[in-house]
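Overview (structure and organization)
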Amino acid sequence: MIFNNSIRVVDAALMIDDLPVYAIARELETPVYVYSLKRIQENYRRLKAAFAPVGARLHYSAKANSNAAILRTLIDKGAGIDAVSGGEIARTLRAGAAAQDIVFAGVGKTVAEIGYAIERGIGWFNVENELELQYINEAASSIGTEKVQVALRFNPEVRADTHPQISTGHGGAKFGLTAAAIGKALAGAERYPNLSICGVHLHIGSQLGDSAATLQALAKTRQLIKPYPNIHTINLGGGLPVAYRQDQSIPSLEELVSEIAPHVHGYQVLLEPGRAIVADAGILVATVLYVKEQAGKIFYIIDASMTELIRPALYGAQHEIVPLTQPDDGWVVAQVVGPVCESTDVLASDREIARLQVGDRVAIMTAGAYGMAMASNYNSRLRPAEAVVAVDGDSWSVSRRRETIGDLLYANVSESRKV
Ligand code: LLP
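Keep in mind it's a predicted model, so treat the numbers as computed, not measured.

Reading guide: rules and limits
- Residues numbered from 1 in each chain as written.
- Predicted model: local features only at pLDDT ≥ 70, side-chain atom pairs only at ≥ 80, totals over all residues.
- Heavy atoms only, no water.
- Phe/Tyr/Trp six-rings, centres within 6.5 Å; stacked < 30°, edge-to-face > 60°.
- Buried < 20%, exposed > 50% of the residue type's maximum accessible area, 1.4 Å probe, protein only.
- Lys NZ or Arg CZ within 6 Å of the ring centre and 35° of its normal.
- Salt bridge = Lys/Arg side-chain N within 4 Å of Asp/Glu carboxyl O.
- Helix = DSSP H or I, 4+ residues; strand = E, 2+ residues; numbered from the N terminus.
- Near = heavy atom within 4 Å.
- Polar contact = N/O pair within 3.5 Å; in protein donor to acceptor, adjacent residues only side chain to side chain.
- Areas by Shrake-Rupley, 256 points an atom, 1.4 Å probe, with all protein chains shown as cover.
- Nonpolar A, V, L, I, M, F, W, Y, C, P; charged D, E, K, R; others polar.
- Lys, Arg positive; Asp, Glu negative; His and termini not counted.
- Core = buried A, V, L, I, M, F, W, Y, C linked by side-chain atoms within 4.5 Å.
- Contact = heavy atoms within 4.5 Å.
- pLDDT = per-residue confidence, 0-100.
- Axes fitted to C-alpha atoms, helices over the stretch in contact; angles between N-to-C directions.
- Parallel < 35°, antiparallel > 145°, perpendicular 65-115°, else oblique.
- Patch = residues over 30% accessible without salt bridge, like charges linked within 9 Å, V, L, I, M, F, W, Y side chains within 5 Å.
- Charge placed at Lys NZ, Arg CZ, Asp CG, Glu CD.

Here we come to the packing of aromatic side chains. The geometry of two aromatic rings is summed up by the distance between their centres and the angle between their planes. A full pass over the atoms with the stated rule returns two aromatic pairs. Plain terms: the ring middles of Y33 and Y35 are 5.9 Å apart, the flat faces sit at 15° to each other, and that makes the pair stacked. A single burial state applies to Y33 and to Y35, both of which are buried. Geometry around F104 places K109 over its ring, the cationic atom sitting 5.6 Å from the centre.

Printed below as a string of structure tokens:
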């Protein structure tokens, strides 16, 4: 079974590059995330090559996975970063990003975050509110930054082909600015002397199934910015899909780029891919804690849950589940569930899977994007360790240790205050 160039089953053992995953799991225990840095580099290069015809500059969307080793690998290869909070900016600067190569996006940036980003010299702001322009201008003027580059995020009111909970470009969504609001901001641009409003930003959703809504949005965008020669940049956001199942096919990148090309001709193009760079490079490894049969169903209770990977509970996402060493005991239809006290803590329901025993280890596949990044301490569970297999393919390291009970308690204080 071959998942991609880095992750495959060889002689009944799941391998990540040249290493059997069971060896890493034995060392670190479970649950644990394991990522292939080689695959991440390959995905980055593939996207860069596919978007070369439109000269796109890639800003990796750190929200998908902000593991320090992953950020460093991408930054070393020349990726810019799309950050959505002061925390993400701090993490990416720490990983070696140049502030100029960071795009600061987000629907609700605080004044403090705006000040921090300007002090650090962030390259671009993607703006989603008119008042934000004033805040950025004020911060730039008081810090003494002559011009801050701004892209206005356009809500094109199109319906993306994706799960409704990761769709962002329809009317009624909280994201972006309407055409009317953008027209107003551009017409009044002289009110913001410290801003250079020179870009427009689009992100209509994630895991986009086809290009129709993107092309509609781009046509509307061109119409909108035509009267404003100062706008020289179109940021296309993220949204490139990945296959979560072996039998799922995704649209060709080359075709997408050739469809987009006429719409962005003459503009500088930025891109903010997250999922397409990291999703298929990561797995979440877990151990079967209990097996029980009730109400005619088989339950595999594993030590990973919605606190490590919330995608199935939140979006009904289906991730493949593969034993680290293929057991030879036939197939069953089972429920793979976590220990959390929530009925939605189900990693796979009615899934055909190799028959497992207590102690067997499994990998939840394609978990590199929005896995650890969305992990929580719900039920006071400890967030898992993360390991990375180096680009050479045969050495690995721990890039984040498993949390401890001490980590859970470290922010507790007992401070009395007076009003
Ligand atoms: N740019 C903007 C403005 C975004 O909001 C996002 C994702 C991206 C770029 C990166 O999108 P990507 O290339 O990864 O599709 N937690 C959900 C996905 C949420 C996406 C949020 N925004 C999931 O697990 O499917």
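Here the narrative resumes.
Our focus in this paragraph is the pattern of salt bridges. A full pass over the atoms with the stated rule returns 16 salt bridges. Across the pair E29 and R361 runs a salt bridge, and its minimum N-O distance is 3.4 Å. Of this pair, E29 sits in the loop between α1 (21-28) and β4 (32-36) while R361 is found in strand β18 (residues 361-364), placing the two residues 332 residues apart along the sequence. One salt bridge connects E132 with K109, and the closest N-O pair in it is separated by 2.5 Å. With E132 in helix α6 (residues 130-143) and K109 in the loop between β7 (102-104) and α5 (111-120), this residue pair connects regions lying 23 residues apart in the sequence. There is no split in this pair, since E132 and K109 are both buried. Where salt bridges share partners, they join R39, E42 and D280 into one cluster.

So, about the site of the ligand. Close to the ligand lie 18 residues; S206, E272, R311, Y315 and Y370 are nearest. One of the backbone nitrogen or oxygen atoms of R275 is found 2.8 Å away from an oxygen atom of the ligand. Here the ligand loses 91% of its free accessible area of 590 Å² to cover by the protein chains. A breakdown of the residues in the shell around the ligand according to their chemical character gives five nonpolar, seven polar and six charged.

Attention now goes to the side chain of E88. Mapped onto the elements, E88 comes out in helix α4 (residues 86-94). The buried charged residue E88 lacks any salt bridge, with K63 as its nearest oppositely charged partner at 5.8 Å. Within the structure, the side chain of E88 is placed 2.9 Å from the backbone nitrogen of V84, a separation counted as a polar contact.

Among the nonpolar cores identified, the biggest contains 104 residues, and F51, F125 and L152 are the most heavily contacted of them. Among the elements that take part in this core, helix α8 (residues 212-225) stands out by supplying six residues, more than any other. Excluding its chain neighbours within four sequence positions, the residues that come into contact with F125 are F104, K109, I114, A117, I118, I136, V148, Q149, V150 and A151. Membership of the second largest hydrophobic core comes to 20 residues, among which are L19, V32, L324 and A385.

Take the environment of T162 next. Considering the arrangement of structural elements, one finds T162 in the loop between β9 (148-153) and α7 (179-187). Each C-alpha atom of the pair T162 and T221 lies 21 Å from the other, and the pair is 59 residues apart in sequence. Aside from chain neighbours lying at most four places away, what touches T162 is S167, S206, Q207 and L208. Here the side chain of T162 touches S206 through a polar contact of 2.7 Å, landing on its backbone oxygen.

A few words now on the side chain of R153. Mapping R153 onto the fold places it in strand β9. A polar contact of 3.0 Å, which involves the side chain of R153, links it to the side chain of E128. In this structure R153 touches V127, E128, T168, F175, G176, L177, I182, H201 and H203, once residues within four positions along its chain are discounted.

Next up on the list: the confidence of the model for the protein. Per-residue pLDDT for the protein has a mean of 96; in total, 100% of the residues score no lower than 70. The weakest mean pLDDT in the protein belongs to α8 at 94; the strongest belongs to β4 at 99.

The next point concerns the packing of α8 against helix α9 (residues 253-264). Where α8 meets α9, the closest approach of the two axes is 10 Å, and the angle between their N-to-C directions is 10°. Comparing their axes, α9 and α8 come out roughly parallel. On the side of α8, the interface is formed by L215, L218, A219 and R222, while α9 contributes E259, I260, P262, H263 and V264.

This part covers helix α3 (residues 68-76). The α-helix winds at 3.6 residues per turn, so residues separated by three or four positions along the chain end up facing the same way. When α3 is considered as a whole, its buried residues turn out to be A69, I70, L71, T73, L74 and I75. One side-chain oxygen of the residue at the start of α3 lies 2.8 Å from the amide nitrogen of A69, identifying that residue as N67. Phi for G78, located one or two positions after α3, is positive at around 100°.

Before going further, it helps to spend a moment on a negative patch on the surface. Judged by side-chain charge, D161, D210, E254, E255 and E259 come together as a negatively charged surface patch. Turning to its location among the elements, D210 is positioned in the loop between β10 (195-201) and α8. Judged by relative accessible area, D210 falls into the partly exposed class, the value being 37%.

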